[in-house]
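Single-letter residue listing:
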Amino acid sequence: QVQLVESGGGLVQAGGSLRLSCAASGSIFSINDMGWHRQAPGKQRELVTTIFSGGSTNYADSLKGRFTISRDNAKNTVYLQMNSLKPEDTAVYYCNADLWARGSYNSRNYWGQGTQVTVSS
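Below you will find a few notes about this structure.

Parameters and conventions
- Each chain carries its own residue numbering, running from 1 in the direction its sequence is written.
- With the structure being a predicted model, the display of local features is reserved for residues of pLDDT at least 70 and the display and counting of side-chain atom pairs for 80 or more, all residues being used for whole-chain, interface and lining totals.
- Remark: hydrogens and water are excluded; side-chain values derive from all non-hydrogen atoms of the structure.
- A pair of strands is treated as paired once DSSP finds two or more bridges between them.
- Secondary structure elements are defined from DSSP: runs of H or I of at least 4 residues count as helices, runs of E of at least 2 residues count as strands, and each element is numbered from the N terminus.
- Here's how the labels work: a residue is buried when its accessible area is under 20% of the maximum for its type, exposed when over 50%, partly exposed in between, all with a 1.4 Å probe on protein chains only.
- As used in this record, nonpolar core signifies buried Ala, Val, Leu, Ile, Met, Phe, Trp, Tyr and Cys residues forming a set joined through side-chain atoms within 4.5 Å.
- Throughout, a contact is declared for two residues whenever any of their heavy atoms are within 4.5 Å.

1. Focus on the pairing of strand β10 (residues 108–111)
Alright, step 1. Sheet topology note: the strand β9 (residues 91–101)/β10 ladder contains 4 bridges and is antiparallel. Looking across to β10, one finds that Ala-97 is bridged to Tyr-110.
Alright, step 2. Count of turn residues in the β9/β10 antiparallel hairpin: 6 residues, of which Gly-103 carries a positive phi of about 85°.

2. Looking at the side chain of His-37
Alright, step 1. For His-37, the position within the fold is in strand β4 (residues 28–39).
Alright, step 2. Accessibility expressed as a relative area gives 17% for His-37, which makes it buried.

3. Focus: the nonpolar core
Alright, step 1. Formed by 30 residues in total, the largest nonpolar core has its most connected members in Leu-4, Trp-36, Met-82 and Tyr-93.
Alright, step 2. Those elements giving two or more residues to this core turn out to be β1 (2–7), β3 (18–26), β4, β5 (46–51), β7 (67–72), β8 (77–82), β9 and β11 (115–120).
Alright, step 3. In terms of residues, this core owes the most to one element, β9, which gives 6 residues.
Alright, step 4. Leaving out residues up to four positions away in the same chain, Met-82 has contacts with Gly-16, Ser-17, Leu-18, Leu-20, Arg-66, Phe-67, Tyr-93 and Val-117.

This is the structure in structure tokens:
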């Protein structure tokens, strides 16, 4: 079984920073892409950023320059550094990983349970 567990969410004032972490654990053979999505109240889940297995990244256009994704392959962990936070960044942040579980015939996408980020004005 595979689990993704996020941490690092919380309440922060506008202009502040937070760093989210997401650790994948369990019966993992290898991890392809990892990323973050977010879902604000009353809105659809949206892509924040992805980091590919080779290290390249992409970001939602509106977040470029403020958010940075990174990963530690040795720890099966992905991070999201969020700077200059705005109230509109308030959402539940979910990590995901496209990975091969041991004994599986193909990769699939796994999700974490989400962590709340609240930015006060």
